[in-house]
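Chain by chain, the residues:
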Amino acid sequence: MSQPADFAAGLGREAALREARRRLAAAGLEEAALDARLLLCAAAGVTPAGLLARPDAPLGAVAAARLGGFVARRLAGEPVSRILGRRGFWTLDLVVSPDVL
C-alpha cells in the first residue's frame, strides 16, 4: 500500500475536497472530482448533502488520516469501490471485497 497523502486535521471539508481533487487530477485520473467527493464523504462520515450543507466544517484528525489513506490508495490505482468496500448499482448498494471479480 502507498504512503498516506497527508491532510491536516481542522482543514475545512471544501478545502480538503479541492486538495483531494487536485491530487487525483494531477495523477491523470479521469473521474478525479467524483472520486474525491466519494472518498471525502466516506472519510468524514457525511453524505454529499451534508458536505454541501456544511462545507467549512473542519475534518477531525481521524477523518483527515482516513482521507489521506484513501487518496494514497486511489493514487496507487486501487478502484474507489474497493477502497470503500461498496459500489452503487441502480438502487442497490453492493458490497465489494477482493473476492469480487
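See above for the structure.
Residues numbered from 1 in each chain as written. Predicted model: local features only at pLDDT ≥ 70, side-chain atom pairs only at ≥ 80, totals over all residues. Heavy atoms only, no water.

(A) Summary view of the packing of helix α1 (residues 13-26) against helix α4 (residues 61-75). Two elements in contact, α1 and α4, have axes separated by 10 Å at closest approach and are oriented at 15°. Between α1 and α4, the crossing angle belongs to the class labelled roughly parallel. You can see that α1 and α4 cross each other, and the crossing is right-handed. Side by side, α1 and α4 meet where Ala16, Ala20, Arg23 and Leu24 of the first sit next to Leu67, Val71, Arg74 and Leu75 of the second. When grouped by side-chain class, the residues that make up the contact of α1 with α4 number 6 nonpolar, no polar and 2 charged. (Axes fitted to C-alpha atoms, helices over the stretch in contact; angles between N-to-C directions. Helix = DSSP H or I, 4+ residues; strand = E, 2+ residues; numbered from the N terminus. Parallel < 35°, antiparallel > 145°, perpendicular 65-115°, else oblique. Left-handed = near helix turned anticlockwise from the far one by under 90°. Contact = heavy atoms within 4.5 Å. Nonpolar A, V, L, I, M, F, W, Y, C, P; charged D, E, K, R; others polar.)

That's the geometry; what it means functionally is another story.
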